[in-house]
Amino acid sequence: MFSQVEITSAVPFAVSVERNTPSLEKDKRSAGPGQEFSDAVTAETNAAHATRHAAEEKPDPRRQRRGAETMGDPIQLKDEGNKYFQAGETDKAIECYTSAMKACKDKSVLAVLHRNRSACYLKQENYVNAASDASRAIDVDAADVKALYRRCQALEKLGKLDMAFKDVQRCATIEPKNKTFLETLRRLGAEIQQKLKTTFSTDSRVQSMFDILLDDEMDKDKKEKAANNLIVLAREDAGSERIFQNNGVPLLQKLIETGKPEMVLAAIRTLSGMCTGHRARATAIVHLMGIDKLCGFMALDNEEIALATCNLFQCIYDSLSGGDKRVYGKEEALVLDSSRDLKNILLALLEMVASRKVSGHGRDQALNLLTKNVPRKDKRDPDHSRTLFTIDHGLKKILKVCGQVPDLPDQLPMTENTQLIASVLLNKLYDDLRCDPERDNFRDICDEYIKGKFDPNDMDKNIHAINALSGLLQGPFDVGNTLAGRQGVMEMMVALCGSEREVDQMVAVEALIHASTKMSRASFIITNGVSLLKDIYKKTKNEKIKIRALVGLCKLGSAGGDDYSMRQFAEGSTEKLAKQCRKWLCNPSIDVRTRKWAVEGLAYLTNDADVKDDFVEDEPALRAMFELAKSPDKTILYAVACTLVNCTNSYEKKEIIPELVQLAKFSKQHVPEQHPKDKKDFIEKRVKRLLKAGVISALTCMVKADSSVLTDQTKEMLARVFLALAEDTKDRGTIVAQGGGKALIPLALEGTEAGKIRACHALAKIAAISNPEIAFPGERIYEVVRPLVSLLHPDRDGIQNYEALMGLTNLAGLNDKLRVKILKEKALPDIENYMFEEHDQIRQAATECMCNLVVCKEVQERYMEDGNDKLKLLVLLCSEDDDKLQRAAAGAIAMLTTAQKKLCTKLTLVTVQWLEILQRLCLHDNLQIQHRGLVIAYNLMSADAELAKKLIESEMLEILTVIGKQGDSPKRQEVIDVARLCLTTAMDLGLIKPFS
């Protein structure tokens, strides 16, 4: 049960708005701190003090009239604002006070307006504006205790304890007998002393930590512990400030200069903590350390250090760009403009992209930072200058990365994922452009770069150009497809295919594969590529080239999708290609990069239901694919996700309308046909085999991949697969046991809209029937609430609404913290709406959810409000024929009437049928419903003697007597005990006498 009022140390009593007129402002000194203080005054407060407050709050009508005549509009606006404030509509109150300020010239009235608006801002937890308005009121009268105390409250919330202490000290000087002021003064004094004590101890701790870290003879374990302590300290603002003030940055530089990886890592992570959310400190660190030096750390051939430096740059970027919304007051004024620093960071990252001095891990992180921070987060934002700047200064550098051929000498250092991350960045940059001229410019720069690399005398340059084209085809496909159709490009691919060098053939075949991704826009590949790929497949003896040619044929062979009537190859040919792919996939002697192409082939061939069935029957092949999905090479994720989507038939299916099918047949148009093995029973068998082979552990590993490689489209496909796997309730335990519940949470929060909805639905399926504490252990359980609430939207399907409500019911039954979380996500109005739903199961689920939520004080208060039919709805639901619905509604009423006695009286007024419904509950065959009905009857009798009399005068006495006289029975004992308790209460009230 929640307490009625949530009390915090910073706000010891409620805030109210002054209603005094300008003519009473002169009495302010003697009038005391205002109505808000009287709300918190204890019983010991003397009557004279309370009278002074009342005197201040009660306006003199004659003076008010004269004030209204002279001031006119401002007074009316102020009064209107007061009414809004009392009604809890602080936004409207602020509007009224602000309008009044614009029209008012009287300083004393302005002071009241600022003071009132300060109270509104305090309510809204906008402490910066609350302090500012209170300061303006204090400027007019330095002894205004109300304004002083409000500023004290705001400053305390902003962490400025010393300033808050001074304000409350002045309040206590003006009103030395005010207990609220004295208590706040004592509390703030104690907090300041504790803070000083902590500060001094922190200073010495910081120094000792650096001493340990810089001592070469110190024990390794002690150094590791000191490094970890420093990182933890830097995560708190107070700790970061102490490190910074105690010459921390130069000392951290010394740590980095030791060259020891663990010391460098500790220093960089400490700097990240110091830069987080603090613009002034981040700016200072950038200038003290130098951007080039920070880039040098990220360029090191150490994955951990590169990742830590990437995180440091992200913290700096968020702080300088305003991505981190925390407010730090005066410190912010020290930084006038961060645009130059941001521009320099962007230029430095672009320089890293094509630099030979940068390691593969460093290059990956530079590309990741550009991908995350350059394109707009919201397409409605008109400013995309960062994208245009990056295209002008860095597009050719990104294309250079895409064009690298690892098998050739003298190439840039790269990881397996570098070129895919570069393609993702190209795609995001192109998508961020707003008009055709900008897209034309992008295309022209790419065209110029690729044309400039073609050289009949230098084959290495040619394959660099074709590889850069492959990068575009994997990123902004339209640009790559346009350039692939340019004169000379196809001819170059043919020439490379005929080359004797293995690397030339591989690059050309890969380009053909990427060019055939979107069949509808790759007609020239279909025309020229099939014969070329078939020729290479038949003639080459090199397995690496053969497998790539096979993948190209697989893509072209799957052009019909899952349409059984549009098979591209002869009967059995697709199965033969798939068999060869599975053979290569299971061969551990072939390198990972080549086996990856076998999965690419299966991603296309599994559009055919025969191939799907054969593949899921081949458990070694499935396990080999799952092991590849867990490997460091994350470029395979998309292909694995595609294959799983095909095997589970979880792709988007077009609705087939029978009338339109008949019409199409009549007009001799093509009608898609479903393969016999794509029917429900076959799909269910495939899902079981995938689960047996360990698909969940592979999916959980895939979800943890780097965000740049795990694109939104891949996330959507993973969400689709999870939803298909969770369809059968018997399989959900397996999903939970292997970590599927935890893996779904990030998919439900990030990605495409369709992907998030499916991940949310899969979460709802798990939460609806599993123990949430096991499915989502620890703090993760609180992250599940928002995805479930998002499914309550009217646009979602009925099954999604139902399972989300069932999941929320389970969560709401666990603890108060989860119930509060559900309310904070504003789910209550949606749950109430679904209690009116015509669909029986949805209505039942919503009522069950409400039954668990009524324990909350906030929900109880909504039922106590006048002018709504919430309680009436619950009473009427108790009269429905559905046992589960009756049980939930009766349970909610039983808990409400137990917690709030006022609702007992209200219950008898909502409908004339209340007594008849209650009697039906008490006579119900279902013991749970009968028990709830009797509890309601007991609550009514305990709440009011008149209600008890009314019940005893009705047939309820006979019902209670019959139940109470029954012999003790373990099965019915709860019901019998409550009936006897009702009869005992009636005897205590003198309504009945015991039979002698």
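This structure is a prediction, so every number in the text was calculated from the model and none was measured. (Residues numbered from 1 in each chain as written. Predicted model: local features only at pLDDT ≥ 70, side-chain atom pairs only at ≥ 80, totals over all residues. Heavy atoms only, no water.)

So, the overall build of the chain
- Across its full length, the chain carries 58 helices and 0 strands.
- Within the chain, buried positions represent 53% of all 996 residues.
- Taking the contacts inside the chain whose residues are at least 6 apart along the sequence as the reference set, 69% of them involve residues at least 24 apart.
- Summing over all exposed atoms, the chain offers an accessible surface of approximately 46,800 Å²; the carbon and sulfur share of this is 51%. (Helix = DSSP H or I, 4+ residues; strand = E, 2+ residues; numbered from the N terminus. Buried < 20%, exposed > 50% of the residue type's maximum accessible area, 1.4 Å probe, protein only. Contact = heavy atoms within 4.5 Å. Areas by Shrake-Rupley, 256 points an atom, 1.4 Å probe, with all protein chains shown as cover.)

Here's the deal with helix α27 (residues 489-497)
- Every buried residue of α27 is listed here: V489, M490, M492, M493, L496 and C497. Along the axis of α27, the buried residues cluster in a sector spanning 160°; they form a single face. (Arc of directions from axis to C-beta.)

Section: the environment of D925
- Residue position: D925 is located in the loop between α54 (914-922) and α55 (927-943).
- With a relative accessible area of 74%, D925 lands in the exposed category.
- Here the alpha-carbon distance between D925 and D883, two residues 42 residues apart in the chain, equals 9.7 Å.

Structural notes on unusual backbone geometry
- Phi is positive for E125, which is not a glycine, with a value near 65°.
- If you trace the backbone, E125 turns up in the loop between α7 (107-123) and α8 (127-140).
- Of the residues examined, E125 reaches a relative accessible area of 57% and is grouped as exposed.
- Although it is not a glycine, K826 sits at a positive phi angle of roughly 60°.

Here we look at the side chain of R819
- On the secondary structure map, R819 appears in helix α47 (residues 816-824).
- A distance of 2.6 Å separates a polar atom in the side chain of R819 from the backbone oxygen of A812.
- Residues within four places of R819 in sequence aside, it is in contact with A812, G813, L814, N852, L853, V855 and C856. (Polar contact = N/O pair within 3.5 Å; in protein donor to acceptor, adjacent residues only side chain to side chain.)

With respect to the packing of helix α51 (residues 870-877) against helix α52 (residues 883-899)
- The interhelical angle for the contact between α51 and α52, taken along N-to-C directions, is 135°, at an axis separation of 8 Å. Classified by the angle between their axes, α51 and α52 sit oblique to one another. Handedness of the crossing formed by α51 with α52: left-handed. Contact with α51, carried on its side by L871, L874, V875 and L877, involves L885, Q886, A889, A892, I893 and L896 of α52 and no other residues of that element. (Axes fitted to C-alpha atoms, helices over the stretch in contact; angles between N-to-C directions. Parallel < 35°, antiparallel > 145°, perpendicular 65-115°, else oblique. Left-handed = near helix turned anticlockwise from the far one by under 90°.)

A short note on the packing of α55 against helix α58 (residues 973-988)
- Two elements in contact, α55 and α58, have axes separated by 9 Å at closest approach and are oriented at 15°. As far as their axial angle goes, α58 and α55 are roughly parallel. For α55 against α58, the interelement crossing comes out left-handed. Across the interface between the two elements, L927, Q930, H931, L934, V935, A937, Y938, M941 and S942 of α55 pack against E974, V975, V978, A979, L981, C982, T985 and A986 of α58.
- Broken down by class, the residue content of the contact of α55 with α58 amounts to 12 nonpolar, 4 polar and 1 charged. (Nonpolar A, V, L, I, M, F, W, Y, C, P; charged D, E, K, R; others polar.)

Overview of the pattern of salt bridges
- This structure, assessed with the given rule, holds 45 salt bridges.
- For K78, the salt bridge identified is with D79, shortest N-O distance 3.7 Å.
- Among the ionic pairs, R548 bridges to E510, the shortest N-O distance being 2.8 Å. In this pair, R548 sits in helix α30 (residues 543-557) while E510 sits in helix α28 (residues 502-515), placing the two residues 38 residues apart along the sequence. In this pair, the class of R548 matches that of E510, namely buried.
- In the salt-bridge network here, residues are joined through shared partners; they are E156, R187 and E191. (Salt bridge = Lys/Arg side-chain N within 4 Å of Asp/Glu carboxyl O.)

Let's talk about a positive patch on the surface
- A cluster of basic side chains, namely K372, K377, R386 and K428, defines a positive patch on the protein surface.
- Mapping K372 onto the fold places it in helix α21 (residues 360-373).
- For K372, a relative accessible area of 47% translates into the label partly exposed. (Patch = residues over 30% accessible without salt bridge, like charges linked within 9 Å, V, L, I, M, F, W, Y side chains within 5 Å. Lys, Arg positive; Asp, Glu negative; His and termini not counted. Charge placed at Lys NZ, Arg CZ, Asp CG, Glu CD.)

Here's the deal with the packing of aromatic side chains
- One pass over the structure, following the stated rule, counts 2 aromatic pairs.
- K685 extends its terminal NZ or CZ atom over the ring of F682, reaching a point 5.6 Å from the ring centre.
- In this structure, K817 packs its charged tip against the face of Y782, placed 4.9 Å from the ring centre. (Phe/Tyr/Trp six-rings, centres within 6.5 Å; stacked < 30°, edge-to-face > 60°. Lys NZ or Arg CZ within 6 Å of the ring centre and 35° of its normal.)

A word on the state of the cysteines
- This model, assessed by the stated rule, comprises 0 disulfides.
- Among the cysteines around C171, which has no disulfide bond, C152 carries the closest sulfur, lying 6.8 Å off. (Disulfide = S-S within 2.5 Å.)

Observations regarding the environment of T418
- Among the secondary structure elements, T418 is positioned in helix α23 (residues 418-431).
- On the accessibility criterion, T418 (0% relative accessible area) is buried.
- For the pair T418 and D364, spaced 54 residues apart in the sequence, the C-alpha separation amounts to 5.5 Å.

As for a negative patch on the surface
- Side chains of D219, D221, E224 and E262 sit close together on the surface and give a patch of like negative charge.
- Relative to the helices and strands, E224 resides in helix α12 (residues 220-234).

Re the nonpolar core
- F442, L585, L699, I831 and Y863 are the most contacted members of the largest nonpolar core, which has 269 residues in total.
- Excluding anything up to four places from it in sequence, I831 contacts L792, L805, I822, A846, C849, M850 and L853.
- Core analysis: the second largest hydrophobic core is formed by 36 residues, Y97, I138, A172 and L188 among them. (Core = buried A, V, L, I, M, F, W, Y, C linked by side-chain atoms within 4.5 Å.)

Observations regarding the environment of L426
- Looking at the element boundaries, L426 is found in helix α23.
- Residues L426 and Q474, spaced 48 residues apart in sequence, show a C-alpha to C-alpha distance of 9.2 Å.

What to know about the confidence of the model for the chain
- Averaged over all residues, the pLDDT of the chain equals 82, while 85% of them reach at least 70.
- The model gives residues 327-335 a pLDDT under 50, and that stretch makes 11 contacts with residues more than four places away or in other chains.
- This stretch, residues 560-568, has a pLDDT under 50; its non-local contacts, to residues over four places away or in other chains, come to 25 contacts. (pLDDT = per-residue confidence, 0-100.)

Considering the side chain of N417
- Inspection of the secondary structure assignment puts N417 in the loop between α22 (385-403) and α23.
- On the accessibility criterion, N417 (11% relative accessible area) is buried.
- Among residues more than four places away in sequence, those in contact with N417 are D364, P632, D633, K634, T635 and V709.

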